Amino acid sequence: MTTTNGSPGRALHRTDPIPDIDLVDPDPARTAALDQVFTDLRPEHPVFWHGRKSRPGFWAVIGHAGTVQVYRDAATFSATHGMTMDSLRPDQDPASGMMVEVTDPPEHRRLRRSVGAFFADGVVTGLTPAIDQYVRKLLTEVRDRGGTVDFAEAVAAKVPTHAAGLLLGLPLDDLEWITSRTSQVFLSGQDAGTSDDLRAAAEQANGELLGYFAKLLRRGRRGDGGDSLVHRLAVGTADRDGLTTGEAVLNALNLAIGGTTTTRSALTNLTHGLTRFPQVFQALRDEPSAVPTAVEEAVRWANPVRHLARVATRDVELAGRRIRAGDPVLVWPRSANRDETVFARPHHFDIHRRPNPHIGFAAGPHSCPGTGLARVQLRAVLGHMLEIFTGVEPAGPAELLRSNFLHGYAHLPVRFTPAS
Ligand code: HEM
């Protein structure tokens, strides 16, 4: 047992129940073991102090109720210090006040109104036929190539970038480059050997994407860049203010990264689940109307977001633990989505699960504005897979991303069986 401080009340609350496990470690080999660790901890320790290991200590919130409370109470749990454990800092994130993700209400509302305008009723519906057509074409090509592919590269990386490209009005020729950059951003984490390289690559990719959106905005202002979203964010309408150059560029980056890395991971997790449970593929072929509930279940069962970071703005009690102002608080939605007090048979992949109050898309003011767009993509991929193929099986070892933030597969070799 590890304690971090000598004052009696505080020591009691700051006892680390997993002194030998470092949640900062991105080693993919530990992922399955972590699900078991969280399952063992949840009943007694839905909120616990993760002592200093490779990083300074933080509160880990792993139960459903506590996670929802942290998400909803943005006044107490501030998002302004960074989104992930790797980017978390004691002072404010430099993008705070400018980028939705790291801005608290009330300022958050102004930015969210601007970003949210691009997800207003009808926008996602308008993009759906083009996404559907693209997915069908991609999966037909997979079939025509014999059905054996690295699903992560051949499908999961391409669909979200294409959808984000449509949403953001990006030149099609740029999409491959954007995929290569966004895939670098969260591949960091604290471990020996490779982490510095990964972090440097992540920072470089982030910088290059910022430069790209700034250039697109300049072209939009000159009238030779097409009508990209970054330009429209800056212009404003009768309903919302235009954003400053910095705000427009940062929020376009937030949309491009938030929209692609997560959806890509979710697509690999869904397909990996199908390779593990062939009976689920068959059940869905027999009952394609279950595709929407199966997609929700995939997001619950293997949530692409491992954790999200906040910092307490005041002393507060959460699940009986006394959190002090200034303490880092990390929620673990992957664990919350398997909370047995909320979900019956939480480790079971149930395509009919209803209700399914998972928090894979978060809750509260920062809840994901791209939920509808993500659902369209996941449903299109699953729906067309069921039409074009009769089954899917592993064609080699699946390789998890080396990331303490994203849960998804870097490589997922699969063999689809074409429908005759
Ligand atoms: C399966 C796919 C997705 C998952 C699991 C997901 C998950 C999340 C989560 C958990 C948050 C909350 C972050 C926080 O509370 O700190 C979030 C926020 C966000 N997501 Fe998504 N997301 C997905 C797809 C998308 C898409 C397709 C887009 C847009 C193209 C998008 C754009 C955003 C943005 C801009 C935010 C920040 C919102 C704010 O801070 O107000 N996401 N997402």
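Everything numeric in this text was worked out from a predicted model, so none of it was measured.

### What to know about the nonpolar core
Now for step 1: Core analysis: the largest hydrophobic core is formed by 108 residues, its most contacted members being V61, V230, A252, V329 and L330.
Now for step 2: The leading source of residues in this core is helix α11 (residues 245–276), at 12 residues.
Now for step 3: Residues in contact with A252, not counting those within four places in the same chain, are L168, F213, L229, V230 and L233.

### Quick look at the environment of I323
Now for step 1: Structurally, the position occupied by I323 is in strand β7 (residues 321–323).
Now for step 2: Along the sequence, I323 and A419 sit 96 residues apart, while their C-alpha atoms lie 56 Å from each other.

### Considerations on the sheet that holds strand β9 (residues 389–394)
Now for step 1: Spatially, the three strands line up as an open sheet ordered β4-β12-β9, and their pairing is antiparallel. A strand with exactly one partner marks an edge of an open sheet, and here the two such strands are β4 (148–150) and β9. Each adjacent strand pair in this sheet contributes to an overall mean axis angle of 30°, direction not counted.
Now for step 2: As paired strands, β4 and strand β12 (residues 413–418) are joined by three bridges and run antiparallel to one another. Bridged to D150 within β12 is P413.

### A few points about the site of the ligand
Now for step 1: Around the ligand sit 29 residues in total, of which G258, G259, H366, C368 and G370 are the nearest.
Now for step 2: If you list the elements that add at least two residues to the shell around the ligand, you get α4 (107–116), α7 (158–168), α11 and α15 (371–388).
Now for step 3: At seven residues, α11 tops the list of elements feeding residues into the shell around the ligand.
Now for step 4: Its residues assigned to classes, the shell around the ligand comprises 19 nonpolar, eight polar and two charged.

### Thoughts on the pairing of β12
Now for step 1: As paired strands, β9 and β12 are joined by five bridges and run antiparallel to one another. Opposite F389, over in β12, you have P418 as the bridge partner.

### So, the pairing of strand β8 (residues 328–331)
Now for step 1: Because side chains alternate across β8, one face comprises the buried residues P328 and L330, and the other comprises V329 and V331, equally buried.
Now for step 2: Summarising the sheet, strand β2 (residues 58–61) and β8 pair through three bridges and their orientation is parallel. Each residue of the ladder has a partner; that of W59, found in β8, is V329.
Now for step 3: Both strand β5 (residues 308–312) and β8 contribute to a ladder of four bridges, which runs antiparallel. Of the residues in β8, the one forming a bridge with V311 is P328.

### Brief notes about unusual backbone geometry
Now for step 1: For the peptide bond that leads from P105 to P106, omega is 5°, which places it in the cis range.
Now for step 2: One can find P106 in the loop between β3 (77–78) and α4.
Now for step 3: The linkage connecting R354 with the following residue, P355, adopts the cis geometry, with an omega of 0°.
Now for step 4: Looking at where P355 falls in the secondary structure, it is placed in the loop between α14 (333–336) and α15.
Now for step 5: Its identity as a non-glycine residue notwithstanding, R345 has a phi of 45°, on the positive side.
Now for step 6: One can find R345 in the loop between α14 and α15.
Now for step 7: Of note in this structure, A362 is not a glycine but carries a positive phi near 70°.
Now for step 8: Topologically, A362 is positioned in the loop between α14 and α15.
Now for step 9: A count of 19 C-beta atoms within 10 Å places A362 in the partly exposed class.

What counts, and at which threshold
Residues numbered from 1 in each chain as written. Predicted model: local features only at pLDDT ≥ 70, side-chain atom pairs only at ≥ 80, totals over all residues. Core = buried A, V, L, I, M, F, W, Y, C linked by C-beta atoms within 7 Å. Buried ≥ 20, exposed ≤ 12 C-beta atoms within 10 Å, placed from the backbone. Helix = DSSP H or I, 4+ residues; strand = E, 2+ residues; numbered from the N terminus. Contact = placed C-beta atoms within 7 Å. Pairing = 2+ DSSP bridges. Axes fitted to C-alpha atoms, helices over the stretch in contact; angles between N-to-C directions. Near = placed C-beta within 6 Å. Nonpolar A, V, L, I, M, F, W, Y, C, P; charged D, E, K, R; others polar.

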